[in-house]
Amino acid sequence: MAKKKIVAATGCPTGIAHTFMAAEALQKAAEKLNVEIKVETHGQVGIENALTPQDIKEADGVIIAADKDVQADRFHGKSVVDVPVAKGIREPETLIQQILNGQAPVYYASDYKGSGEQDANNVEGATHHTNGKWIHTIYKHLMNGVSHMLPFVVGGGVLIAVSFLFGIYSADPKHEQYNEFAALLKEVGGLGFSLMVPILAAFIAESIAKRPGMVVGFIGGLLASQGGAGFLGGILAGFIAGYIIILLQKLLKNLPRSLDGLKSIFLYPVLGIFLIGIIMKPIIIPVTGLNEGLMDFLASVQSTNPLLLGLIVGAMCGFDMGGPFNKAAYVTGTLLLAEGNLYFMAGVSAACIAPPFIIAFATVMFPKYFSKEERNAGAVNFILGSTHITEGAIPFAAKNPIVVLPIIMLGSSIAAIMTYLFKVQVPAPHGGFLVLPVVTGAFQWVLSILVGSLVGALLYGMYRKKAAQKKKIEG
Amino acid sequence: MKQMIQPEFIKLQATASSQQGVFQTIADIAVANGIANSAEAVVEGLKAREEESTTGFQEGFAIPHTQVDEVKKPAIIIVRTETGIEWESFDGKPAFFFLSLLIPKSEAGTTHLQALSALSRALINEEIRQAMLTATTEIELAHIVSQAISREDD
């Protein structure tokens, strides 16, 4: 059998000691295991014993033992073990064994152009390991969007909530409650809120395709948000935008190098925004159509039975939290309110208040399984929920919609069903608990919401616990 | 190359019993031998590097190093303490054999840096580690290190 060949790159921030210890350790281990190895060192002196494209091509695998960038793009398509430099010193044999046993995942650089060209392309150099786990990659992109969206939700939401303290109609200049300061709060808060979906889309795309992706994602998110496609539309827009840029990068790969500058400042934004528009527009239309159909349907179900109605309203409000389904239920409630039906809105409100409460209670009941940032955001959800701002739950739901949305829908449904069974009447279309004084059956209403929220919180907390334990075992 | 390691740069049976003490001992040797002009700066530099990540290796070896303006010429200073000191080494064992690499900020030539990296590589070699551990005099140890750093890189 021919001797296996491995290439490696080592590097540490100072580039004096560990880089070379790791290199030596790997060489010794390779000798012992009868493997041919070539180790490139990224030391203070610069790159020594540099790997040639030929070396990389012939290698059976690559070991990166570095705490700094060693231009991993070169290893596109190879089996790569990527570890901190200390691991290279401590367990070099294990690393080599991983390559020999075929346990090393294949590395993909998204913008591979061959060695030596990476530096010119750092704007578009979005590299990511797939590790064969595409779900993890999607999760990473989603999280990038969510973490950037969170401050907008909290900042905007709290200001809107504060404006309600001045009265539910305090921002309406025609109403007697009108207060100039409250109107200002609601305006700026609302502005922050309205950027939520575009920011989500922008930073999902940014995670996929760096700055060119962000631009296109932002526009896609704006289209989704203005077209009424809500946060689900935003997630869709973000991913589409990111992959539009990846596609463009592939298509424009063969343009001369001298056009690189033109690409990032002209070609990507112009073509990208054009394409996202073309793609998003037709997607938004069916969503909006669906939206209107649902409204008609809801009004007809209202007369049938409260259980079914509660289930539907709860599921709709919890499904996209501020998106088209939620809004369809909400608008229906408002319209029925105008016709003197105070029952329908009570269920809608309960179902809209429950999701942020589910999050808030879960972070209080299961603090161990939430990060500090999440616990703080969870506390804010008490305020948001109390004021009928469902969107506070979005950042949590967006992390894993497939599991979290059904939990929230269930909690919302319980709250809505109980509200309908208690025949609670709510005369205001917004404001949450601030309108309690005018609610008929206020106690039963709050009880319904709390029961729904606690059930949801329990389930969500248990899910987080399970997820955390699973992670522990895997890690 | 010989100037980088001399018997005067080595202190066996040092009394330091803490990380701070070890850094101070290294810095004092550096100043006394005209390697650096500020003991304080050397201590700070070593400490800053240590905070980034441990320089502890294994079997009691550690390689604290720094590159600061106050170091005037590159040198290897060796301190061997009587007691082991917790250094967050890979094998969890306390460190007692400190090979400290001091490099001037302005170090342009690559020769010295290569010598230092050669020393780092040498540490992986068990025979050289054993030889260092069994050396009983400063002169003997200086000779071993000097040979290790001028060893041809393969």
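Analysis parameters
Residues numbered from 1 in each chain as written. Chains lettered and ligands numbered in written order. Predicted model: local features only at pLDDT ≥ 70, side-chain atom pairs only at ≥ 80, totals over all residues. Heavy atoms only, no water. Helix = DSSP H or I, 4+ residues; strand = E, 2+ residues; numbered from the N terminus. Buried < 20%, exposed > 50% of the residue type's maximum accessible area, 1.4 Å probe, protein only. Contact = heavy atoms within 4.5 Å. Areas by Shrake-Rupley, 256 points an atom, 1.4 Å probe, with all protein chains shown as cover. Polar contact = N/O pair within 3.5 Å; in protein donor to acceptor, adjacent residues only side chain to side chain. Buried area = accessible area lost by both parts, 1.4 Å probe. Salt bridge = Lys/Arg side-chain N within 4 Å of Asp/Glu carboxyl O. Core = buried A, V, L, I, M, F, W, Y, C linked by side-chain atoms within 4.5 Å. pLDDT = per-residue confidence, 0-100. Pairing = 2+ DSSP bridges. Expected span 1.5 Å × (residues − 1). Axes fitted to C-alpha atoms, helices over the stretch in contact; angles between N-to-C directions. Left-handed = near helix turned anticlockwise from the far one by under 90°. Nonpolar A, V, L, I, M, F, W, Y, C, P; charged D, E, K, R; others polar. Phe/Tyr/Trp six-rings, centres within 6.5 Å; stacked < 30°, edge-to-face > 60°. Lys NZ or Arg CZ within 6 Å of the ring centre and 35° of its normal.

Q: Would you mind showing me how to read the overall build of chain B here?
A: The number of helices and strands found in chain B is five helices and five strands. Ordered by position in the sequence, the α and β elements of chain B form the string β-α-α-β-β-β-β-α-α-α. Out of the 154 residues belonging to chain B, those deemed buried represent 55%. Counting only contacts in chain B whose residues sit at least 6 apart along the sequence, the fraction spanning at least 24 positions is 71%. By element, 46% of the accessible surface of chain B is carried by carbon and sulfur atoms, the whole surface being about 6,800 Å².

Q: What exactly am I supposed to notice about the overall build of chain A here?
A: Broken down by element type, chain A carries 16 helices and five strands. For chain A, the residues scored as buried account for 51% of the 475 residues in total. Accessible surface for chain A amounts to roughly 20,800 Å². Of this, 64% is attributable to carbon and sulfur atoms.

Q: Mind showing me how you'd approach the side chain of Arg49(B) here?
A: Topologically, Arg49(B) is positioned in helix H2 (residues 39-52). Here His18(A) takes part through its side chain, which lies 3.2 Å from a polar atom of the side chain of Arg49(B). Each residue touching Arg49(B), except ones within four places of it in the same chain, is listed here: Thr14(A), His18(A), Thr54(B), Thr55(B) and His65(B).

Q: Whenever I open this one, the interface of chain A and chain B confuses me. Can you help?
A: Where the parts come together, the accessible area they lose is often given as the size of the interface. Counting residues at the interface gives 19 residues for chain A, matched by 22 residues for chain B. Where chain A abuts chain B, roughly 1,800 Å² becomes buried across the two surfaces, and 64% of that area is made up of carbon and sulfur atoms. Together, Ile16(A), Met21(A) and Glu24(A) form the three largest contributors to the area buried by chain A at its contact with chain B, with a combined 30%. Counting the contacts that link chain A with chain B gives one salt bridge. Between Arg121(B) and Glu24(A) there is a salt bridge, with its nearest N and O atoms 3.0 Å apart.

Q: Any chance you could explain the nonpolar core here in plain terms?
A: Soluble globular proteins tend to bury their nonpolar side chains together. Residue and element names in this part refer to chain A. Counting 76 residues, the largest nonpolar core has Met149, Phe231, Met321, Ile408, Trp445 and Tyr460 as its most contacted members. Looking at which element gives the most residues to this core, the answer is helix H7 (residues 196-227), with 14 residues. Ignoring sequence-local partners within four residues, the contact set of Trp445 consists of Ala346, Ser349, Ala350, Ile353, Thr419, Val424, Val426, Gly432, Phe433, Leu436 and Val439.

Q: Whenever I open this one, the confidence of the model for chain B confuses me. Can you help?
A: Low-pLDDT stretches of the model should not have their predicted coordinates read in fine detail. Averaged over every residue, the pLDDT of chain B is 85; residues scoring 70 or more account for 93%. In the predicted assembly, ipTM is 0.77 and pTM is 0.46.

Q: It is not clear to me how the pairing of strand E4 (residues 75-85) of chain B should be interpreted in this structure. Could you clarify?
A: On any regular strand, side chains alternate: one points to one face of the sheet, the next to the other face. Residue and element names in this part refer to chain B. Across three bridges, strand E1 (residues 10-14) lies against E4 in parallel orientation. The partner of Ala14 across the bridge, within E4, is Thr81. Of the strand pairs in this sheet, E4 and strand E5 (residues 95-104) are connected by seven bridges, and their pairing is antiparallel. By the bridge assignment for E5, Val79 is matched with Phe98.

Q: I'm lost on the confidence of the model for chain A in this one. Help?
A: Overall, the prediction assigns chain A a mean pLDDT of 82, with 88% of residues at 70 or greater. Note that pLDDT drops below 50 for residues 111-132 of chain A; the model gives that stretch 48 contacts with residues more than four away or on any other chain.

Q: How do you make sense of the pattern of salt bridges when you look at a structure like this?
A: Side-chain pairs of opposite charge can arise where the charged atoms are in close proximity. All names here are of chain A. Using the criterion set out here, one finds 10 salt bridges over all chains in the structure. Between Asp55 and Lys5 there is a salt bridge; the shortest N-O distance is 3.7 Å. Taken together, the positions of Asp55 in helix H2 (residues 53-58) and Lys5 in strand E1 (residues 5-11) put the pair 50 residues apart, joining distant regions of the chain. Residue Asp55 is classed as buried on the basis of its relative accessible area of 10%.

Q: Would you mind showing me how to read helix H13 (residues 372-386) of chain A here?
A: Given 3.6 residues per turn, any residue in an α-helix points the same way as the ones three and four places further on. All names here are of chain A. Spanning 15 residues, H13 covers 22 Å between terminal C-alpha atoms, matching the ideal 21 Å at 1.5 Å per step. When we look at burial in H13, the residues that qualify are Glu374, Ala377, Gly378, Val380, Asn381, Leu384 and Gly385. Positive backbone phi, approximately 65 degrees, marks His388, located one or two places after H13.

Q: Teacher, can you tell me more about the packing of helix H12 (residues 342-365) of chain A against helix H15 (residues 401-421) of chain A here?
A: Between two packed helices, what matters for the description is the angle formed by their axes and the separation of those axes. Residues and elements named next belong to chain A. Axis separation between H12 and H15 bottoms out at 8 Å; the angle between their running directions is 145 degrees. Both H12 and H15 take part in a crossing whose hand is right-handed. Taking contact as the criterion, the partners of Tyr343, Phe344, Ala346, Gly347, Val348, Ala350, Ala351, Ala354, Pro355, Ile358 and Ile359 in H12 are, on H15, Ile407, Ile408, Gly411, Ser412, Ala415, Ala416, Thr419 and Tyr420. A breakdown of the residues in the contact of H12 with H15 according to their chemical character gives 15 nonpolar, four polar and no charged.

Q: Would you mind going over unusual backbone geometry with me for this structure?
A: Negative phi characterises most residues that are not glycine, and trans characterises most peptide bonds. The phi torsion at Lys423(A) lies on the positive side, around 55 degrees, for a residue other than glycine. You can see Lys423(A) is positioned in the loop between H15 and helix H16 (442-474). Here Glu88(B), not a glycine, exhibits a phi torsion of approximately 50 degrees, which is positive. Within the secondary structure, Glu88(B) sits in the loop between E4 and E5. Owing to a relative accessible area of 61%, Glu88(B) belongs among the exposed residues under this scheme.

Q: Looking at this structure, how should I read the sheet that holds E1(A)?
A: All names here are of chain A. An order of E3-E2-E1-E4-E5 is seen for the five strands of this open sheet, with the pairing classed as mixed. Of all strands in the sheet, those bounded by a partner on one side alone are strand E3 (46-48) and strand E5 (80-83). Recorded for the sheet is a direction-independent mean angle of 15 degrees between the axes of neighbouring strands. Across four bridges, the pairing between strand E4 (residues 61-66) and E5 is parallel. Within the sheet, the bridge partner assigned to Ala65 lies in E5 and is Val83. Contacting E1, strand E2 (36-43), E3 and E4, helix H1 (residues 18-32) runs over the sheet at an angle of about 180 degrees to E2. In the packing of helix H4 (residues 92-100) onto the sheet, the strands contacted are E1, E2, E4 and E5, and the crossing angle to E4 comes to about 150 degrees.

Q: Can you walk me through the packing of aromatic side chains in this structure?
A: A ring pair, where both rings are aromatic, is described by two values, the distance of the centres and the angle of the planes. Evaluation of the coordinates by the stated rule reveals 11 aromatic pairs over all chains. Measuring from centroid to centroid gives 4.8 Å for Phe61(B) and Phe97(B), while their planes differ by 40 degrees, and the two rings are tilted. In this pair, Phe61(B) is assigned in strand E2 (residues 61-62) and Phe97(B) in strand E5, connecting sequence segments 36 residues apart. Here Phe97(B) falls in the buried class, since its relative accessible area comes to 0%. Three or more aromatic residues link up through ring pairs in this structure, and these residues are Phe357(A), Phe361(A), Phe382(A), Phe433(A) and Trp445(A). For Lys399(A), the ring lying beneath its charged end belongs to Phe396(A), and the centroid distance is 5.0 Å.

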